[in-house]
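# Fold and contact review
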Amino acid sequence: MNNYLLNLIEAMKIALNRLRYNLSSSFMMFIVIGITMCLPSSGLLLIENLKQLSSKIEYQAEISIFMKPGSDLKIIEDFLNEQPNIKNIQFINKEISWKNLQKKLNIEEINIVKENPLPDSFYLTLNTLEQKDINFLVDELKQFKEIDDINVDSAWVKKLATILKLSKLIILTLATLLLIVLIVIIGNTIRLQTLAYKDEIEVSKLIGASNFFIRRPFLFTGILYGLGGGLFSSLLIKSIVYIFNRSASNIQEIIGFSIQLVDLNLNTHLMIICVAILIGWLASFLSATRSIYKIDHA
Amino acid sequence: MIRFDQVFKRYPGYQEALQNVSFEIFAGELVFITGASGAGKSTLLKILSSIEKPTSGTVIFENTNLNQAKGTRLNNIRRKFGMVFQDHKLLYDRNCFENVALPLAINNIFGKEAEKRVRAALDKVGLLNKERMMPITLSGGEQQRLAIARAIVCRPTIITADEPTGNLDKEYANEIMNIFFSFQQVGVTVIISTHELPNIPMKFKHLHLDNGKLIFKNQTYEQLPA
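What counts as what
- Residues numbered from 1 in each chain as written.
- Chains lettered and ligands numbered in written order.
- Predicted model: local features only at pLDDT ≥ 70, side-chain atom pairs only at ≥ 80, totals over all residues.
- Helix = DSSP H or I, 4+ residues; strand = E, 2+ residues; numbered from the N terminus.
- Rg over C-alpha atoms; globule rule 2.2 N^0.38 Å.
- Contact = placed C-beta atoms within 7 Å.
- Core = buried A, V, L, I, M, F, W, Y, C linked by C-beta atoms within 7 Å.
- Buried ≥ 20, exposed ≤ 12 C-beta atoms within 10 Å, placed from the backbone.
- Pairing = 2+ DSSP bridges.
- Axes fitted to C-alpha atoms, helices over the stretch in contact; angles between N-to-C directions.
- Left-handed = near helix turned anticlockwise from the far one by under 90°.
- Nonpolar A, V, L, I, M, F, W, Y, C, P; charged D, E, K, R; others polar.
- pLDDT = per-residue confidence, 0-100.
- Expected span 1.5 Å × (residues − 1).
- Arc of directions from axis to C-beta.

### Quick word on the overall build of chain A
Within chain A, the secondary structure is distributed over nine helices and four strands. In sequence order, the secondary structure elements of chain A are arranged as α-α-β-α-β-α-β-α-β-α-α-α-α. Here chain A has a C-alpha radius of gyration of 32 Å; the compact-globule value for 298 residues is 19 Å, and the former is much larger. Dimensions along the principal axes, computed over C-alpha positions, put chain A at roughly 105 × 45 × 35 Å. In chain A, of all internal contacts separated by at least 6 residues, the share reaching a separation of at least 24 is 87%.

Set out below in C-alpha cells:
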C-alpha cells in the first residue's frame, strides 16, 4: 500500500513536471476547458436565476372562489384553513365587493342596479407551482355545493414551468455536446503527449512496466487539466455575475427596478469542477489506453 | 534456465528470421551469440527476453512457457531481465539518475532504497559523478554504460545485451565488455549478441547464427587473449 501511494505520488510528480515544462500550452488548455465548461454553466446560472424569480412571484397565483347566495361560509373557511398549499386566504363579502365595484366604475350615485349582483368570495394565494397540487385543490373545492364558481389564475405558471423545462433540456443537450467536444480536445492533447513520450512508453514496456504504470502520469495530467479548467470555469462564472450585477446596479435608476444575478451556490461550483476533473480523467484514460495499445502493437 | 526448442520466427512479408533453433542456457553462463547482420541475433535476443513471441516452437524460462505469458505474468518475466539495447533506448529528457531509477519505479522501489541502488549501479559503471547530467551530454561509451546501469539496477538474474559495443571504438568496447564479465563472475547469466567474438580470458558458450539457422553451439569454449 505504501509503495502504491509512492507510485501515485511519483506519477503525480511526473504529470506536474510535464505541465510545468509545457506551461503555456497547459494554460491554454485550462482556458479552453474553462470556456467550454462555462457555456453550459452559464445556462445553469440563468435557469437558477429564473427559478428564483419564478419562486418569488408564484405566491401571487390565485384561486378565486365565488359562493352561492346564502350558503354556509364557515364550512368553506374551515376547509381552506386546513390546506397546506394555501398561503393566504382573503374573504370579501358581497357588500364590500359591490361597494368596490361601484367605486371603481364611479356609479355610486346612480342607482341603476337595485340589487347587489355580486357573490361572497374567497381569494386564495397559493404557495405551490405544481399543477398537480393546484388541480387537486380545485377538484376538492368543486365537491362543495356551496361554491358557485372557481377561477384558477395559473396559466402563466404552466407557461413558465414549460419554458424552464425546455430551457433545462436545451442546456442539457448543449452540455452533452460540449462535454463530447471537451473529451475530444483533452483526448487529442493527451494523444500528442503519448507521442512525445513514445520512447519512454516503449522502454517502460520493454523493461516490464504494466499499462497501468505507463498510463498513470497521463491520467494525472488529464485530471490536472480538468482541475485547472474547472477552476477557470468557476472563476469565469463568478466574474460574469460580478460584472453583470455591477452594470445592472448602474442602470437601476434608468429602468426603475433592480436586476441582480444570484451566483451559483458552492455545491454547484464544486460540481462543475468535479465534472471537469472527471472529463479530464476519462479523456486521458481513453486516449492513453488507445495510444499505449498502438505503440505496443506497432 | 532458458530452453529454446525448435523455434521458428517469421515476420510477415519476410523470410524466416529464425529457423529451427534449439539450445539451452544455464544459470550463471556467459553466452555470446554471433553472426552477420540479419543473421537473427537481435530476433533471438528479443524472443529470449520475451519482447517478441516465436512463430512456432517453445521457449521455456524458469519453467514458464514464454509463448503463453501475457499481461502481468509477461511483465513480471521482463522484470527479471536486465536489457541493454543496441541503440541504448535512454530517455533524453531525464538525467542519468532518473534514467537508472526508471526500472526501480516499475518495481515499486522508491525513496532511500532507490537512491542507494541507483548510485551503486552508476558507481559500478563509473558514472557516479555524472548522475545529474543529461544523457545527450555523454559520450557513446558513457551512454552505453548508463544503459548497463539501468539494466543492472534491479539486480536481474539475466542480462541481455544486443551488440553493446557495435558503435564503440576498441577502448570503449573493452571497457563495456569488462563490465559484463564482472557481472558474470558474481553469478549473473550474461547473454551478448555481437558481430565478432571478443578476446576474453574466460569460459563462455558460443551460439553462431547464419541466416536464421544455428550453425554451432559450443558448450564451454575458452579463448585466450591474443
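### A closer look at the nonpolar core
Ranked by size, the top nonpolar core spans 92 residues in total, and within it Val-31, Ala-149, Ile-159 and Ile-191 of chain B carry the most contacts. When sequence neighbours within four positions are dropped, the list of residues in contact with Ile-159 of chain B reads Gly-82, Val-84, Ala-151, Ile-152, Phe-180, Phe-183, Val-188 and Val-190 of chain B. By size, the runner-up hydrophobic cluster in this structure holds ten residues, among which are Phe-122, Leu-124, Leu-126 and Leu-141 of chain A.

### Regarding the sheet that holds strand β3 (residues 121-126) of chain A
Residue and element names in this part refer to chain A. A sheet is described by the order of its strands in space; here four strands give the open sequence β2-β3-β1-β4, paired in antiparallel fashion. Here the strands that pair on one side only, and so sit at the sheet edges, are β2 (86-92) and β4 (147-153). Within the sheet, the average angular offset between the axes of one strand and its neighbour, ignoring direction, is 15 degrees. In terms of strand pairing, β2 meets β3 through six bridges, oriented antiparallel. By the bridge assignment for β3, Asn-88 is matched with Thr-125. Here helix α5 (residues 131-142) sits on the sheet in contact with β1 (62-67), β3 and β4, set at roughly 170 degrees to β4.

### Some thoughts on the packing of helix α3 (residues 96-106) of chain B against helix α4 (residues 111-124) of chain B
All names here are of chain B. Axis separation between α3 and α4 bottoms out at 9 Å; the angle between their running directions is 120 degrees. Two packed elements cross with a definite hand, and for α3 against α4 that hand is right-handed. In contact with Cys-96, Phe-97, Val-100, Ala-101 and Leu-104 of α3, α4 contributes Ala-114, Arg-117, Val-118, Ala-121 and Leu-122. Here the residues of the contact of α3 with α4 are counted per class, giving nine nonpolar, no polar and one charged.

### Some remarks on helix α7 (residues 198-206) of chain A
Those residues of α7 of chain A lying buried are Glu-200, Ile-201, Val-203, Ser-204 and Lys-205 of chain A. Following α7 of chain A by one or two positions, Gly-208 of chain A adopts a phi angle in the positive range, close to 100 degrees.

### Topic: the packing of α3 of chain B against helix α5 (residues 140-152) of chain B
Residues and elements named next belong to chain B. Running from N to C, α3 and α5 cross one another at 35 degrees; their axes reach a closest spacing of 7 Å. By crossing handedness, the relation of α3 to α5 is classed as right-handed. On α5, the residues touching Cys-96, Asn-99, Val-100, Leu-102 and Pro-103 of α3 are Leu-146, Ala-149 and Arg-150. Residue classes in the contact of α3 with α5 are distributed as six nonpolar, one polar and one charged.

### Comments concerning the environment of Ser-291 of chain A
All names here are of chain A. Structurally, Ser-291 can be placed in helix α9 (residues 266-296). Residue classification places Ser-291 among the buried positions, given that 23 C-beta atoms sit within 10 Å. Residues Ser-291 and Asn-85 lie 206 residues apart in sequence; the distance between their C-alpha atoms is 59 Å. If near-sequence neighbours (up to four positions away) are discounted, Ser-291 is found in contact with Arg-191 and Thr-194.

### Considerations on the interface of chain A and chain B
Across the contact, 14 residues belong to chain A and 16 residues belong to chain B. When residues of the side of chain A that touches chain B are traced back to their parent elements, those giving at least two are α1 (2-21) and α7 of chain A. Residue classes in the side of chain A that touches chain B are distributed as six nonpolar, five polar and three charged.

### Here we look at the environment of Leu-179 of chain A
All names here are of chain A. For Leu-179, the location among the structural elements is in helix α6 (residues 155-196). On the basis of neighbour counts, which here come to 19 C-beta atoms within 10 Å, the residue Leu-179 falls in the partly exposed class. Separated by 100 residues in sequence, Leu-179 and Ile-279 place their C-alpha atoms 7.4 Å apart.

### Considering the confidence of the model for chain B
Across chain B, the average pLDDT comes to 87, with 96% of residues at 70 or higher. For this predicted complex, the interface confidence comes out at an ipTM of 0.81, alongside a pTM of 0.70.

### Some words on α1 of chain A
All names here are of chain A. When the terminal C-alpha atoms of α1 are compared, their 28 Å separation across 20 residues agrees well with the 28 Å that a helix rising 1.5 Å per residue should span. Restricting attention to buried positions, one finds in α1 the residues Ala-11, Ile-14 and Ala-15. Projected down its long axis, α1 shows its buried positions confined to an angular sector of 95 degrees, all on one face. The outward face of α1, more than 90 degrees from its buried face, is lined by the exposed residues Asn-2, Leu-5, Ile-9, Lys-13 and Arg-20.

### Some thoughts on the environment of Phe-220 of chain A
Residue and element names in this part refer to chain A. Within the secondary structure, Phe-220 sits in helix α8 (residues 211-255). Overall, Phe-220 belongs to the buried group, with 22 C-beta atoms counted inside 10 Å. Taking the C-alpha atoms as reference, Phe-220 lies 9.1 Å from Lys-13; in sequence the two are 207 residues apart. When near neighbours in sequence (up to four residues on either side) are disregarded, Phe-220 contacts Ala-11, Met-12 and Ala-15.

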